[in-house]
Structure formats: structure tokens, C-alpha cells
Amino acid sequence: MSARVRKAIEVTGIVQGVGFRPYVYRLALQHNLAGFITNTAAGVSIEVEGPAEAVEDFVSQLPVEVPPLARITQWAASDIPARADGEFRILPSQPGENRRVLISPDVAICDDCLRELLDPSDRRFHYPFINCTNCGPRYTIVRDIPYDRARTSMAVFPMCADCQHEYDDPLDRRFHAQPNACWKCGPQVELWDGEGNRIEAAEPIAEAAVRLQAGYVVAVKGLGGFHLAVDATNPAAVSRLREGKRRVEKPFAIMAPSLKGVRSFCELSDASRGLLESPERPIVLLRKKSACLIAELVAPFNPEYGVFLPYTPLHFLLFAAGRFQALVMTSGNISEEPIAIDNSEAVARLHGIADFFLVHNRDVLLRCDDSVVRACQTVAPLCERRVAGHRPTLQFVRRSRGYVPVPVFLNQDLPPILAVGGELENTVCLTKGRHAFLSQHIGDLENLESYCFFETTISSFKRILEVEPQFLAYDLHPDYFSTRWALGQSSIKRIGVQHHHAHITSCMAENHLDGKVIGVALDGTGYGTDGAVWGGEVLLATYADFERIAHLDYVPMPGGAAAITEPWRMAVSYLQKHFGEAFLDLEIPFARELERRQVAVLVRMAERGVNSPLTSSCGRLFDAVSALAGIRKRVNYEAQAAIELEAAIAGEGEDAVYPFELRPEGSGWIIDTRPLFVALVNDLKCDVPAGIVSRRFHEGFVDVLARVVKLIHAKTNLQNICLSGGSFQNVFLLEHLKRKLEAEGLDVFTHSEVPCGDGGLSLGQALVAANRSP
Ligand SMILES: [Zn+2]
Ligand SMILES: [Zn+2]
Ligand SMILES: [Zn+2]
């Protein structure tokens, strides 16, 4: 028989409110151990005592089968003297002790709760708010910390005796499940008409399903706010929703009842399936199948659908009642405003768009949009390297519900910093030690509602994370609302960060890189240190500093912002730059179709520099090629021309690619687009199809980027290459460039923890500020 020993174990991470204590309690009982577990400031503290062998077993099993929502970031076990206490106990947490623990994100209903939901003999049969410690709302119902019921929007629902019993029983799945509720004591659903009047209905969800089947628009209150729902197979209903939302062509997300349903209209890889079914339940971008029942208008001209599976009990009940192929489930807002969360706010703001409102009385305290991701074959994320094989590989387009507020784990300690992000796709970032907390998607700050959301997110983030920032990091663009806000905070030290530098450092941070890297930062718009609009940049970067070593040649953006919504302007600007005014006589369809007088004005503007800022933007180059190839001359949403250009790529394995020239300048290079446009125009003269043009362009661009990186590597001997910026949402660009550089023996790093686009900018800003602050 082995000797009696005692061990103390400290666990940090997401280990409170996620069923961790009952898990440890059960494990200790299994091994017949004495001791205790209690919540501490940083996580949980465990002591176990028993025969040495049993204690060893316990310690080795502990991290293996943790509850699904738990995340251990650190743990340490040490030997302490045995003291022969009797049984294993869960000790109450002391007030104030758990103020520093991580709050879990909102997660999809678990299998156990789903089984109960659909079981007629269960007391929660068809109860739309069923949850347990393994599932349900968290972040969006938190008012303050510590995370307990009294500080959530569940405070107004006292538990009935049955629920309380579950809540108090360490062996129950609902032990300390703060949102625990049932038909008797919890929130309830109501159906309202378009004016906000309650409709008498025994089964409001079934009634809502009937209205959806009839083609009505129903606003459905979810976890992080309202969705606007319509039957995705009903073209008239989808069209009405587009008119109401004033959203012309930007794709709508669709929710399908099951994987089988998804397969009927999308290609589905194993990696994508893993993401669809993950507890975070993001919207996953999937390639469309050509023939399907989904209305054309759901995602016109787009090669992909954004698809997700039901994640709340209410969603499951809606599908059970309506037997829909798929529902459009788009954010409950107009255009780019933030999503509506409050019942009366929803009726006011969505009046005239939604015919009915499916509401409930559990308040959403923190607005949180759905996350959008893409399965990625070649990017092995950090989390996967940490926990081999545990999570599907992904690329974030938007990191929000299901992921926030899980921090990005850093390899350096940072002072408390608030980084306020960019202008579009805004997120903010608060740092605390080795944790960088990125906020949920805030959106485009140009409208007042988003700006208010930006301010409330900052204050609630500071409150629930208990961080009082010492430094503020902001983008150098003087007109960004986030920048103006930061500059208005005069009581705190502020640090301006160049846009593309922040992109590269965000990539360095999530990959735990140190020292100097070669950074390829490609996007649409970022304010340069020379006042020009940068976006096709190759940098030598450390956390503290950067040097711009190569970039796309400057070209005017005639009309400024108008050149972003009208890609044909960029095509004119490039043609004018490389062919002079004779471009009008080029024998290509684009030139023939131009309106001469309009062009004359444009050319004059560009020549005189009137409202025509110079740009090295990668996005604008893609726009110009898209317009010239006859794919898209005017866009209805961000990056549409580039997305359609990529989707058009055709004809693999041909050898012809468009050439670019690398022109030495100073200590670096200019990426000259003249040879590209000469070759492109020649192809257009010969009626080469758009798909081939697109492929030759993409491959040529990848070639020149790889060439310039190789030159820089030869000169500097730097081995780590970071790829960042919104243009890397282009899968062809990302994967081909990555492969090419890796074939040269270089180490290539991309994103898997935060978006490569401006949604990840705040993380990079925080790192720069931390490394520049005194
Ligand atoms: Zn559950
Ligand atoms: Zn109850
Ligand atoms: Zn950017």
C-alpha cells in the first residue's frame, strides 16, 4: 500500500461558471480522495489527499477531460503535508475572490440540454431557455463581476425550488449554473405584431414559424441581439428583407436545421463541419452548390454562403415547428448600424422591416453579433499547436459571439492598455498581464449608433475585466472616430500607431514572435506616415517600430472615397498613369464603354491632385483589375469587386502570369504595376476571358510579393514572415503566397486567433503601445 500524500493544485483560465468544480468533485470522489476545491482570484485552488497512486492518477487525469467550456491556461501542482481530513468538499468562494477570473463566452446548447428540450417527459420539455453549466448565455447577460446570478440579467428571476435544488447540488449538471431556469421560474417568450402589440398565442414560437412559412419577416431575439429572419427559399420574402434593411447585394447569413440541410446547398469539408458543430457555433463561409433551393438574392454574385446551425433552444424549437430548409438570419439592424438588443428598441428601430417580433424577457446586456469564420487547410492555429488536434483550423472574418471575451494569450506581460482599433470592422482591445481581450465586433464607426456602442463597450469592458488603462493606443488616421475619441482623452498617455504596423504586430502577437520580422500587410486603406493611403506594404517590423521597405507604386484615387465604391475610377487612374490620355483609344471593352465627359473630369482631378489622394492600396489595385476585366465597376459592399475577381479565377496550370517590376528605391523597392497593365490590356484586346485574366493577375501578384520577400530575406537574413491585412481574406492570395514562401524555406505566420482584417487591428496597436511606452 502506498503512502498518504497531499497535493495543492492551482489552476488558472476559464474555470468558473463552467462546471469545473463539480467536475473536480466527481473526479476526487472517483479516486476516493479527501481535500477541497475553491474559487480563487485567478481561478481555482485544489487540494487532494490520499494514497500516492490515487493522487497521481487524479493529477494526471485532471486536465484531460475538463468540461467543454473550461480552458486551462496555466496550472501547477506541488506537494504539501498531509493533514488527514475526511471527505472532499467544495468550499464556498469568498466575496471578492473571483473578481479576476475569466468570463466565459456564450455557447450553443449542449447535447444533454437538447435531449431534455425534446423529451416530452422532461420538466423543461420545449422550454426555450434551458441551459446548464456546459452551455447557454454568459458574456451577454453579465452586468458586473463577480459572475453570479445577481449580477446578470437573470437576477429578476428567482429560482423555483426544483431549480434551486439543482443549483445547490455539486453532482448536478446545473450546479451553480447562473442562468438556470425552467417554465415555472424563468424567462418567457412572446410574439408581438409589427407595432409591438402582444399577440395572444399558446405557442408563440410555433406561431412565429407559421408566419415565417407565409413569407413574413420576423425579428427573433437571440443571445447577442435580434436577428431578422425570413424563409431563405422564398425569393419575395428575401427581396422584401433587402429593401427593408437597405442592403443591396451584401450576402445574408443563413441558418440550416442540420448538417444534412447544409449539404443540400453547400460543399462541406470535414474542417468546416467541425466549425459548424463547435460550441461557438459561428457563421461558416462555405462554397455554394450550383443547383439548390436557396433564393438567388440571399447571396447574389457571391461564390459562398455564410451558414450556421441553430445554437439556442429557441432556434431548435423554431426549426422543429417550421421544418424550414433554411432561414435567413441576419443582424437586426438597418445597413451597418449595430444590432438591436432591447425589445422596445427593436420595435422602434425595426419598425416597417419586421412584420412580427419574437421576443423574450431575458435582457441582452452586451450586444454581440455572430462570428464569421472560414475553415482553413494550411493555417495551423496556435490553439491547435498547444492542444494537438483539439480544434478545427479556422480563419476569422469576424470574431464575436462564442469567442469573446476569451483572451488572446501573449508571451509577454503588458501594462494595462486600451487600444481603440480602426474605423471599419472596429474592435477594441484591453490588456491585462499576458491576456489581450478583444471586444466583440463593434462595426463601422461612421454612424452614431455604432459610435455609442463603441463607448459603451469600452466602459463595460473596463468594468467586467477590471482594467484601468495606463496607455491608449490609436490609429494615425486623423479622421477616424476612434482616433478622435482617443485624442479627446487628455488625462491618459496616448500612443499613435501606424495602421499596417499594427496589422503585422497583431500577427506577431498571436504567434508569440519576438525580434524582427518581414511583414506583408495588404488591405484597402490605412493612413501612411507620409499622409498617403497605404495598403500594399512590405515592412521590416518589431513590436516597437517598423521600416517601410517595399510598397505598391502610388496612383491617385480620383474622388477619394468615391473611388472605393466605384472601382472603374481606379481602372481609369491606373490606365491614365501607364498609358497617358491615349488610354481612351485602347481597343478594350472597358475603354469603349466609358462615358467620355465623366472621364475627362476624373483625369483632370487626378492630374491636379484635387480630391485625389495618392494610394499604394492593394484593395484598389484589385478593384482596378476587377473593373477592367468587366467583373465589377461599382460595389455595393466592402471588397465586393475583389471578392468577385477571386471567385472568377479559372484555368489552372497555365504558365502565363502578369509581370510586375521591382524598382529599387532608397533602401527598398517600389512594386511597379506598369508591366502588369500592359500585359492585361493585351489580353483584353484578344478577348481573353475574365477568369483567365483573374488567374494571371493573382499569380503574378503572388510572384512579385514572393520575389520581394526573398530579396529582403537575402539582405536581412530574417526568417519569420508575417502575412496580415484584410486582403488576406482572399484565400488564393493567402495560400499561394504562403506555399511559395515556405518552399523557399521561410517560416510564414498568419492569423487564426484574430481576424487578418481591421477587426484584429486593436491587438496590434496594444502591442506597439506596450513596447513603446516608457
Ligand atoms: Zn447544457
Ligand atoms: Zn425553475
Ligand atoms: Zn487594415
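Residues numbered from 1 in each chain as written. Chains lettered and ligands numbered in written order. Predicted model: local features only at pLDDT ≥ 70, side-chain atom pairs only at ≥ 80, totals over all residues. Heavy atoms only, no water.

(A) Quick look at the overall build of the chain. If you tally the helices and strands in the chain, you get 24 helices and 30 strands. In terms of C-alpha radius of gyration, the chain reaches 28 Å, essentially the compact-globule figure of 28 Å for 774 residues. Counting only C-alpha atoms, the chain reaches 90 × 65 × 55 Å along its principal axes. Within the chain, the fraction of its 774 residues that count as buried is 62%. Put simply, 71% of the contacts in the chain that link residues at least 6 apart link residues at least 24 apart. Total accessible area on the chain is roughly 28,800 Å²; 50% of this is exposed by carbon and sulfur atoms. Charge centroids of the chain, computed over 79 positive and 94 negative side chains, lie 1 Å from each other. (Helix = DSSP H or I, 4+ residues; strand = E, 2+ residues; numbered from the N terminus. Rg over C-alpha atoms; globule rule 2.2 N^0.38 Å. Buried < 20%, exposed > 50% of the residue type's maximum accessible area, 1.4 Å probe, protein only. Contact = heavy atoms within 4.5 Å. Areas by Shrake-Rupley, 256 points an atom, 1.4 Å probe, with all protein chains shown as cover. Lys, Arg positive; Asp, Glu negative; His and termini not counted. Charge placed at Lys NZ, Arg CZ, Asp CG, Glu CD.)

(B) Fine view of the sheet that holds strand β17 (residues 408–414). Read across the open sheet, the five strands follow the order β17-β19-β18-β20-β21; overall the sheet is mixed. Because the sheet does not close on itself, it has two edges, and the strands there are β17 and β21 (493–497). For this sheet, the mean inter-axis angle between neighbouring strands, taken without regard to orientation, is 30°. Sheet contacts for helix α14 (residues 499–510): β17, β20 (471–475) and β21; angle to β21, the most-contacted strand, approximately 95°. Helix α24 (residues 761–772) contacts β17, β18 (417–419), β19 (429–438), β20 and β21 of the sheet and is inclined by roughly 15° relative to β17. (Pairing = 2+ DSSP bridges. Axes fitted to C-alpha atoms, helices over the stretch in contact; angles between N-to-C directions.)

(C) A look at the coordination of the zinc ion (ligand 2). Around the zinc ion (ligand 2), the protein contributes the donor atoms Cys160 (SG), Cys163 (SG), Cys182 (SG) and Cys185 (SG), at 2.3 Å from the metal centre. Each donor residue of the zinc ion (ligand 2) lies on the same chain, and together they follow the pattern C-x2-C-x18-C-x2-C. Of this pair, cysteine 163 sits in helix α4 (residues 161–168) while cysteine 182 sits in the loop between α4 and β6 (189–193), and the two are 19 residues apart along the sequence. Judged on exposure class, the residue cysteine 163 and its partner cysteine 182 are both buried. (Donors = N, O, S within 2.8 Å, 3.2 Å for Na, K, Ca; no water.)

(D) Broad picture of the side chain of arginine 401. With respect to the secondary-structure elements, arginine 401 resides in the loop between β16 (394–398) and β17. Accessibility expressed as a relative area gives 1% for arginine 401, which makes it buried. A polar contact is formed between the side chain of arginine 401 and the backbone oxygen of arginine 281, at a distance of 2.8 Å. If we skip the residues at most four places from it in the chain, arginine 401 touches Asp106, Leu223, Glu280, Arg281, Pro282, Phe308, Tyr311, Cys368, Asp369, Asp370 and Ser371. (Polar contact = N/O pair within 3.5 Å; in protein donor to acceptor, adjacent residues only side chain to side chain.)

(E) Just empty space enclosed by the protein, in detail. Taken as a whole, this structure holds six cavities of 30 Å³ or more when the rule is applied. By volume, the largest cavity amounts to about 120 Å³. As for the largest cavity, its lining consists of 18 residues, of which Pro128, Leu223, Thr312, Pro313 and Arg362 are closest to the centre. Around the second largest cavity, the lining residues are Gln16, Gly17, Val18, Leu102, Ile103, Ser104, Arg138 and Tyr147. A breakdown of the residues in the lining of the second largest cavity according to their chemical character gives four nonpolar, three polar and one charged. (1 Å grid on protein atoms, 1.4 Å probe; cavity = no way out; pocket = protein on both sides within 12 Å on 5 of 7 lines; lining within 4 Å. Points joined across faces, edges and corners; volume = space filled by probe spheres on them. Nonpolar A, V, L, I, M, F, W, Y, C, P; charged D, E, K, R; others polar.)

(F) Looking closely at the pairing of strand β24 (residues 546–552). Counting buried positions along β24 yields five of seven residues, so the element is predominantly enclosed. With five bridges joining them, strand β23 (residues 533–541) and β24 adopt antiparallel strand pairing. Paired with leucine 540 across the bridge in β24 is glutamate 547. Counted along the chain from β23 to the antiparallel partner β24, the turn is four residues long. In terms of strand pairing, β24 meets strand β28 (residues 668–672) through three bridges, oriented parallel. Along β28, the bridge assignment pairs leucine 552 with isoleucine 671.

(G) Molecular detail of the coordination of the zinc ion (ligand 1). The zinc ion (ligand 1) binds to the protein through Cys110 (SG), Cys113 (SG), Cys132 (SG) and Cys135 (SG), with metal-donor distances spanning 2.3 Å. Of note is the zinc ion (ligand 1), whose four donor atoms meet at the metal with angles of 104 to 119° in an arrangement that counts as tetrahedral. For the zinc ion (ligand 1), all donor residues lie on one chain, and their spacing in sequence is C-x2-C-x18-C-x2-C. Residue cysteine 110 is located in the loop between β5 (88–90) and α3 (111–117), and its partner cysteine 132 is located in the loop between α3 and α4; the two are separated by 22 residues in the primary sequence. According to the relative accessible area criterion, cysteine 110 is buried, its value standing at 14%. (Tetrahedral: all angles 85-135°; square planar, octahedral: opposite > 155°, others 65-115°.)

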